[in-house]
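Residue strings, one per chain:
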Amino acid sequence: MLMSTLPLPPLAGIATYATAARIGYSVDENVDRLTRIHWAERRLMTVMLAHLARTPEWEVKCALALHQWYAAEHADWLRKRISEMRHPTPSLDKSPNDALDAFLEEVLRSRDTVELLVALYQVALPALRDAYSHHLQATNPLVDQPTRRFMRFALIELTEAIDWGDAAISSLTSADPAALAVISEWKDHLGCYLDAARGIAGDPRISLTEGDERRGVKIRSMEVPLPPPRAADPYKPDFTPRRDARFQGSYNFEFPPHVIYNDPKVPADERNLALLCKRTLEMDVPETMSSFMVERADQPWEFYLDYSRQLWDEARHAMMGTVALEQRGIDWTELPLNVGFSLRLNLHATAQERQILLYAIEQSLMPSDTGKRFEYGTAVAAGDELSAHFHDYDWADEVLHAQIGRRALKRDGITREDAIQRGQAIHERTWAELDRYKSRGTQTNWWPDFVRKVLGKESAVAGKELTAPSIVG
Ligand SMILES: [Fe+2]
Ligand SMILES: [Fe+2]
Ligand SMILES: [Fe+2]
């Protein structure tokens with residue numbers, strides 16, 4: 001240490017004089033790397049969205065909903081950092097590298113849950129983790145501190161996601177040797193494409209030393225031809241919502257909680273129970289949103305960032321419902337959590353119509369006498385502290401969602417009034433489409449039995465004809 005320094009931790013604690021004196025990435029190299037990492041985060045978000053509705057396992061839907069939001073947040077941060085370093089900002093809406101894109105296209109082509117989980121959590125996200133780790137080590141800690149700061153946060157989330165994926169894969173494959181063969185084949189396939197792209201950021205997967213390079217050692221993948229791509233054919237997304245074998249009532253479109261939660265003739269405890277069922281049903285919103293986020297591929301970045309957050313919120317609302325029901329000892333997988341909403345919208349409405357209906361529903365939740373304030377009051381009146389806690393936050397989230405929907409539709413030149421009017425028509429038209437799916441399940445009013453089982457009393461609407469809900473949210 002030179003005499004001019006006091007014996008205090010130097011350089012704000014981010015580096016030593018020695019480490020800060022190392023030459024790291026140039027701004028050009030840095031921007032190139034971040035542009036590739038950004039593209040991977042962004043496209044992995046889309047992969048997760050593309051598979052959310054069709055993937056049957058409930059817990060996988062929950063995780064995809066969270067991890068697509070992590071990816072969106074990381075992509076957003078990277079966009080800002082790239083624009084700080086380069087004016088004008090390079091285009092961030094197109095692929096920076098064909099080989100990287102070829103890898104991501106293969107990831108998208110995962111055919112079932114196990115393949116998807118392996119592609120995401122055992123190949124793509126670990127490769128992203130390598131890219132961030134490599135950057136943290138190689139960049140200068142002083143000149144590139146803002147990037148390093150973000151990457152340390154991103155690594156926490158990536159590690160959490162990878163750990164979830166590893167546990168999910170072992171659970172789905174532990175008793176299935178055939179699945180293990182699928183995993184290793186699919187991993188090898190994707191590994192070839194990843195090597196050809198030199199990883200996410202352009203680093204080779206096997207790092208070469210200077211000595212290796214002098215001796216002419218090459219990276220394996222540069223010599224091995226790629227296996228035939230699944231992406232040879234254009235991608236055909238499948239937004240048909242599916243649920244796993246635990247859910248028996250996916251096609252029972254009778255969902256009495258929609259009309260019971262605000263029926264003044266029904267006591268608060270029963271209305272509160274209806275609200276908890278409605279929260280749990282909310283998984284149909286991520287199933288619907290993911291489809292329009294994928295299909296509307298030409299929107300400004302804010303569209304994806306906003307709706308990505310909203311999608312995660314909607315999945316959390318469904319999870320709140322499951323937590324509250326679990327706490328009461330209710331097996332919520334036995335509820336007829338039908339897929340009617342995502343089914344009729346994903347298959348019988350345009351992407352923009354899905355957005356409009358969602359917004360119209362959110363508007364219908366705003367009046368204080370029937371909307372989210374009323375729902376919170378119902379939970380309080382029922383003396384259910386946990387439900388009140390959940391509905392307090394559900395209300396706050398829904399106010400945010402109404403703003404998100406408004407911003408998005410404004411970009412399309414659609415006013416609030418237009419959306420409400422068109423939303424009603426879209427609701428009625430798509431509701432009628434459900435007729436063709438009714439034979440896939442039994443249409444029964446399960447509510448009176450459920451109330452008797454959970455509340456130990458007769459439902460206030462037992463034996464009464466229920467009206468169809470006007471707009472369902
Ligand atoms: Fe919602
Ligand atoms: Fe909600
Ligand atoms: Fe919402």
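The structure reproduced in this document is the subject of the present report.

Parameters and conventions
- Residues numbered from 1 in each chain as written.
- Chains lettered and ligands numbered in written order.
- Predicted model: local features only at pLDDT ≥ 70, side-chain atom pairs only at ≥ 80, totals over all residues.
- Heavy atoms only, no water.
- Donors = N, O, S within 2.8 Å, 3.2 Å for Na, K, Ca; no water.
- Tetrahedral: all angles 85-135°; square planar, octahedral: opposite > 155°, others 65-115°.
- Helix = DSSP H or I, 4+ residues; strand = E, 2+ residues; numbered from the N terminus.
- Buried < 20%, exposed > 50% of the residue type's maximum accessible area, 1.4 Å probe, protein only.
- Phe/Tyr/Trp six-rings, centres within 6.5 Å; stacked < 30°, edge-to-face > 60°.
- Lys NZ or Arg CZ within 6 Å of the ring centre and 35° of its normal.
- Contact = heavy atoms within 4.5 Å.
- Core = buried A, V, L, I, M, F, W, Y, C linked by side-chain atoms within 4.5 Å.

**Here's the deal with the coordination of the iron ion (ligand 3)**
Then comes step 1: Each protein donor to the iron ion (ligand 3) is listed here as Glu314 (OE), Glu362 (OE), Glu398 (OE) and His401 (ND1); together their distances run 2.0 to 2.3 Å.
Then comes step 2: For the iron ion (ligand 3), the 4 donor atoms in the first shell make angles of 91 to 160° at the metal, so the coordination geometry reads as irregular.
Then comes step 3: Mapping the donors of the iron ion (ligand 3) onto the primary sequence gives the spacing E-x47-E-x35-E-x2-H.
Then comes step 4: Separating the iron ion (ligand 3) from the iron ion (ligand 1) is a distance of 3.1 Å, and Glu314 supplies a donor atom to each of them. A residue pair is termed long-range when its members are at least 10 positions apart, and Glu314 in helix H13 (residues 301-327) and Glu362 in helix H15 (residues 351-364) qualify at 48 residues. As far as the burial class goes, Glu314 and Glu362 line up, both buried.

**Some remarks on the coordination of the iron ion (ligand 2)**
Ideal geometry at a metal centre: 109.5 degrees between donors when four sit tetrahedrally, and 90 or 180 degrees when six sit octahedrally.
Then comes step 1: Taken together, the protein ligands of the iron ion (ligand 2) are Glu282 (OE), Glu282 (OE), His317 (ND1), Asp394 (OD) and Glu398 (OE), with distances of 2.2 to 2.5 Å.
Then comes step 2: Here the donor residues for the iron ion (ligand 2) map to a single chain with the spacing E-x34-H-x76-D-x3-E.
Then comes step 3: Taken as an interatomic distance, the gap from the iron ion (ligand 2) to the iron ion (ligand 1) is 3.0 Å; Glu282 donates to each of them. Taken together, the residues span a long stretch of sequence, with Glu282 in the loop between helix H11 (268-281) and helix H12 (284-295) and His317 in helix H13 at a distance of 35 residues.
Then comes step 4: Since its relative accessible area comes to 6%, Glu282 is described here as buried.

**Some details on the packing of aromatic side chains**
Then comes step 1: Summed over all chains, the structure comprises 18 aromatic pairs.
Then comes step 2: Pairing Trp446 with Trp447 gives two aromatic rings, centres 5.8 Å apart and planes at 75°, and the pair type is edge-to-face.
Then comes step 3: Trp446 sits in the buried class, given a relative accessible area of 10%.
Then comes step 4: Note on Trp447: relative accessible area 0%, which makes it buried.
Then comes step 5: Here the aromatic residues Phe292, Trp301, Phe303, Tyr304 and Tyr307 are joined through ring pairs into a cluster of three or more.
Then comes step 6: One cation-aromatic arrangement involves Lys278 over Tyr261; the distance from NZ or CZ to the ring centre is 4.7 Å.

**Let's talk about the side chain of His51**
Then comes step 1: Locating His51 in the fold gives a position in helix H2 (residues 27-52).
Then comes step 2: When its relative accessible area of 1% is taken as the criterion, His51 is described as buried.
Then comes step 3: Each residue touching His51, except ones within four places of it in the same chain, is listed here: Leu64, Leu108, Ser110, Leu116 and Tyr235.

**A short note on the nonpolar core**
Then comes step 1: Core analysis: the biggest nonpolar cluster contains 81 residues, and Ile37, Phe103, Leu120, Leu128, Tyr132 and Ile200 have the highest contact counts within it.
Then comes step 2: Residue contributions to this core peak at 15 residues, all from helix H5 (residues 113-138).
Then comes step 3: Setting aside its immediate chain neighbours within four residues, Phe103 contacts Val123, Ala124, Leu190, Tyr193, Leu194 and Ile200.
Then comes step 4: One finds Val266, Leu276, Ile330 and Trp447 within the second-largest nonpolar core, a separate group that totals 28 residues.

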